[in-house]
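Residue strings, one per chain:
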Amino acid sequence: MKEASRSLNFIEHIIEDDLKTGYGKDQLRFRFPPEPNGYLHVGHASSICLNFGLGLRYNAPVNLRFDDTNPTKEEQEYVDAIKRDVSWLGFEWDQECYASDYFQQLHDWAVTLIENGKAYVDSQGSEAMAQQKGTPTEPGTNSPFRDRSVSENLELFEKMKNGEFPEGAHVLRAKIDMAHPNMLMRDPVMYRILHKAHHRTGTDWCIYPMYDWTHGESDYIEQISHSLCTLEFLPHRELYDWFLDQVVSADTLRPKQREFARRNLSHTVVSKRKLLQLVNEGHVNGWDDPRMPTISGLRRRGCTPEAIRNFADTIGIAKRENVVDVSVLDFHMREHLNKVAPRVMAVLDPVKLVITNYPEGKEEWLEAENNPEDPEAGSRTIPFSRELYIEREDFREEANRKFFRLKLGGEVRLKNAYIIKAESVVKDEKGEIQEIHCTYDDLSRSGSGTEESQRKVKGTLHWVSADHAFQAEVRVYDRLFTDATPDQHKDKGFLDFINPDSLQVISAWMEPGLKEAQPGDRFQFQRMGYFCVDPDSTPGNLVFNRTVTLRDTWAKIEQKEE
RNA sequence: UGGCCCAUGGUGUAAUUGGCAACACUACUGAUUUUGGUUCAGUCAUUCUAGGUUCGAGUCCUAGUGGGCCAACCA
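Everything quoted here is computed from the prediction, not taken from an experiment.

### Digging into the packing of aromatic side chains
Piece 1. The tally for this structure, following the rule as stated, stands at 23 aromatic pairs.
Piece 2. Ring geometry for Trp 109 against Tyr 220: centres 6.2 Å apart, planes inclined by 40°, an arrangement best described as tilted. Here Tyr 220 lies in helix H7 (residues 211-222) and Trp 109 lies in helix H4 (residues 103-115), a separation of 111 residues in the sequence. Assigned by exposure class, Trp 109 and Tyr 220 land together as buried.
Piece 3. Ring geometry for Tyr 389 and Trp 509: centres 4.8 Å apart, planes at 25°, overall stacked. Of this pair, Tyr 389 sits in strand S15 (residues 387-391) while Trp 509 sits in strand S24 (residues 503-510), placing them 120 residues apart in sequence.
Piece 4. With a relative accessible area of 14%, Tyr 389 lands in the buried category.
Piece 5. Put simply, the rings of Tyr 358, Phe 384, Tyr 418, Tyr 440 and Trp 463 touch in pairs and so form one group of aromatic residues.
Piece 6. Cation over ring: Arg 200 sits above Tyr 98, and NZ or CZ is 3.5 Å from the ring centre.
Piece 7. The cationic tip of Arg 309 hangs over the ring face of Phe 91; the distance from NZ or CZ to the ring centre is 5.8 Å.

### What about the sheet that holds strand S26 (residues 529-533)?
Piece 1. A sheet is described by the order of its strands in space; here 7 strands give the open sequence S10-S25-S26-S27-S23-S24-S11, paired in mixed fashion. With partners counted over all chains shown, the strands left at the sheet margins are strand S10 (343-344) and strand S11 (346-347), one partner each.
Piece 2. In this structure, S11 lies alongside S24, joined through 2 bridges in antiparallel fashion. In the sheet register, Val 347 faces S24, and the bridge partner there is Trp 509.

### Section: the protein's contact with RNA strand B
Piece 1. Close contacts around RNA strand B come from 67 residues, with Arg 320, Arg 343, Ser 446, Gln 524 and Thr 553 the closest.
Piece 2. Sugar and phosphate atoms form 63% of the subset of RNA strand B atoms that lie within 4 Å of the protein.
Piece 3. Between RNA strand B and Gln 124 there is a distance of 3.0 Å, counted from a base nitrogen to a backbone nitrogen or oxygen.
Piece 4. At a separation of 2.9 Å, a phosphate oxygen of RNA strand B approaches a polar side-chain atom of Arg 263.
Piece 5. Put simply, the parts of the chain that give the surface near RNA strand B at least two residues each are helix H1 (10-20), strand S6 (189-193), helix H12 (326-340) and helix H13 (553-561).
Piece 6. With 5 residues, the single largest contributor to the surface near RNA strand B is H13.
Piece 7. Tallied by class, residues from the surface near RNA strand B come to 23 nonpolar, 23 polar and 21 charged.

### Looking at helix H9 (residues 272-280)
Piece 1. For H9, every residue scored as buried is listed here: Lys 274, Leu 275, Leu 278 and Val 279. Looking straight down H9, one finds that the buried residues subtend no more than 145° of arc, so they occupy a single side. Structural note: H9 exposes Arg 273 and Asn 280 on the side pointing more than 90 degrees away from its buried face.
Piece 2. Residue Gly 282 follows H9 closely and has a positive phi angle near 75°.

### Comments concerning the pattern of salt bridges
Piece 1. If you walk through the whole model with that rule in mind, you get 37 salt bridges.
Piece 2. Measuring nitrogen to oxygen at the nearest pair gives 3.3 Å for the salt bridge that ties Asp 288 to Arg 300. Of this pair, Asp 288 sits in the loop between H9 and helix H10 (295-301) while Arg 300 sits in helix H10, and the two are 12 residues apart along the sequence.
Piece 3. Between Arg 475 and Asp 534 there is a salt bridge, with the nearest N and O atoms lying 3.6 Å from each other. Of this pair, Arg 475 sits in strand S23 (residues 470-477) while Asp 534 is found in the loop between S26 and strand S27 (543-549), placing the two residues 59 residues apart along the sequence. With respect to burial, Arg 475 and Asp 534 carry one shared label: buried.
Piece 4. Taken together, the shared-partner salt bridges connect Asp 288, Arg 300, Glu 473, Arg 475, Asp 534 and Asp 536 into one network.

Parameters at a glance
Residues numbered from 1 in each chain as written. Chains lettered and ligands numbered in written order. Predicted model: local features only at pLDDT ≥ 70, side-chain atom pairs only at ≥ 80, totals over all residues. Heavy atoms only, no water. Phe/Tyr/Trp six-rings, centres within 6.5 Å; stacked < 30°, edge-to-face > 60°. Helix = DSSP H or I, 4+ residues; strand = E, 2+ residues; numbered from the N terminus. Buried < 20%, exposed > 50% of the residue type's maximum accessible area, 1.4 Å probe, protein only. Lys NZ or Arg CZ within 6 Å of the ring centre and 35° of its normal. Pairing = 2+ DSSP bridges. Near = heavy atom within 4 Å. Polar contact = N/O pair within 3.5 Å; in protein donor to acceptor, adjacent residues only side chain to side chain. Nonpolar A, V, L, I, M, F, W, Y, C, P; charged D, E, K, R; others polar. Arc of directions from axis to C-beta. Salt bridge = Lys/Arg side-chain N within 4 Å of Asp/Glu carboxyl O.

Spelled out as structure tokens, the structure:
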């Protein structure tokens, strides 16, 4: 599919090196490890494309593993949404795994650690433990419970497991080094007591393993060769390796953790906490609101999986801080939609246009190309009549040379139809234009082959026939934030930058063929942008979401004039 | 005041591992166009700074500067 000449990212370099120094190609295995406590967003998409892309590149299996070790935050709803999103992106996982599947194994290994004097039960509160932890510049101090006997630790741990203690009474800690320069190595907690029902294991367990203890061991159980995560886990690598040292046997593959920088997108936030806040405080209408940078939001907005995958591919992966401009995502949406979206005509802000020399009551069905980029897309017919709607911004009583659209005394082509000339306007008492009266050249019909039809006129407008068009709701979305990096201001919170005009709901006029449109269908409204039928649509009441505008050179010219 | 990571056009990523700084986006020119879309051509860099090694440094070394991460019974 893609050219083989693409340069390698640093992760691929690592893998190539490993392949040269002993790894068998059949040993390669990856995983995507979401915590089911929220919806996936574009940042995750990068990680998904990285891991599954590696799987495709090396023909290696990729597991979908839910990191579900904290029953207080995780829910089945999120598991379902995550699976739907990964599938929608077009990837197939090898095994569907859950860290909770390994609770028994993890427990048994923990017992081994205790027996080997590598773990102990601490019976202090979290505050005392925090104090003993020290700081990045000062060493910590040992817990008074650090030297409990193996048998006492075993007994206590067993009782923790059996639910004989209240939450917070004890924890199991790895016995490493309270003076270690890496604070994560200062006797990290392996298990805490939680009397909570888990979405998969129910009430089987009263103790739940912590991330560090779980993740590497899960990778090991699944024989993941390369465990890729974001940069903030870099300091965890030492602990990841320490835990692995306790259980790995020589004849099995030892996973390695490598870290990359998470992708940040401009004009949005990509943090589950902040996204959850947007949802909970009603700034948007749910996780799949088309303004959300979630996969489900992008999908509902009309973005295609191809666009997201191409986006992820071109922004690449590296280790430095970054903010990718949304314009890159917009570009990929347009690039793909341009190839696949059928062209139709819809007038979003209508003004009536009357062709005074066109016979009253006459109607013509004109041929219109469905997609100039795709000859296979064929054509359709659209009705033309004496009274039409055109876009209000496409007409001015007077305008300078740069305005290619309709002005009094000026000519313009109606897309797929005739050349018309504006003659006069009818205004209401407020001076607002009610109707534009014009004449048409009946020899200029598009595709008729006449000399008149081949005349060059500067502007071409989209239109709908007033008698044949129908109205539909259009949700015009704009970016959710007015600032490129809303959550990186010292003095202001990200909510201060919410765009008050991120959603505008209007009623627009559609060409009649659109009545058949189904939720999820994507179109290009010619000269306006790409739109997608929203699932809120009902048979008699279609709703369209604006996915992205077309590039708008005119808007730039206009802006410069001001 | 400790440790670790990072630094290449406005943005993101490359550079055959020490050999003419490339690709994409954005912006701007121009051409084409029955979508001011698409397409095509072009323009936009003292590789953070200062030293050093070398015939040769974006790449290696040293120091500095700037940014990020690290003290949850979160992941």
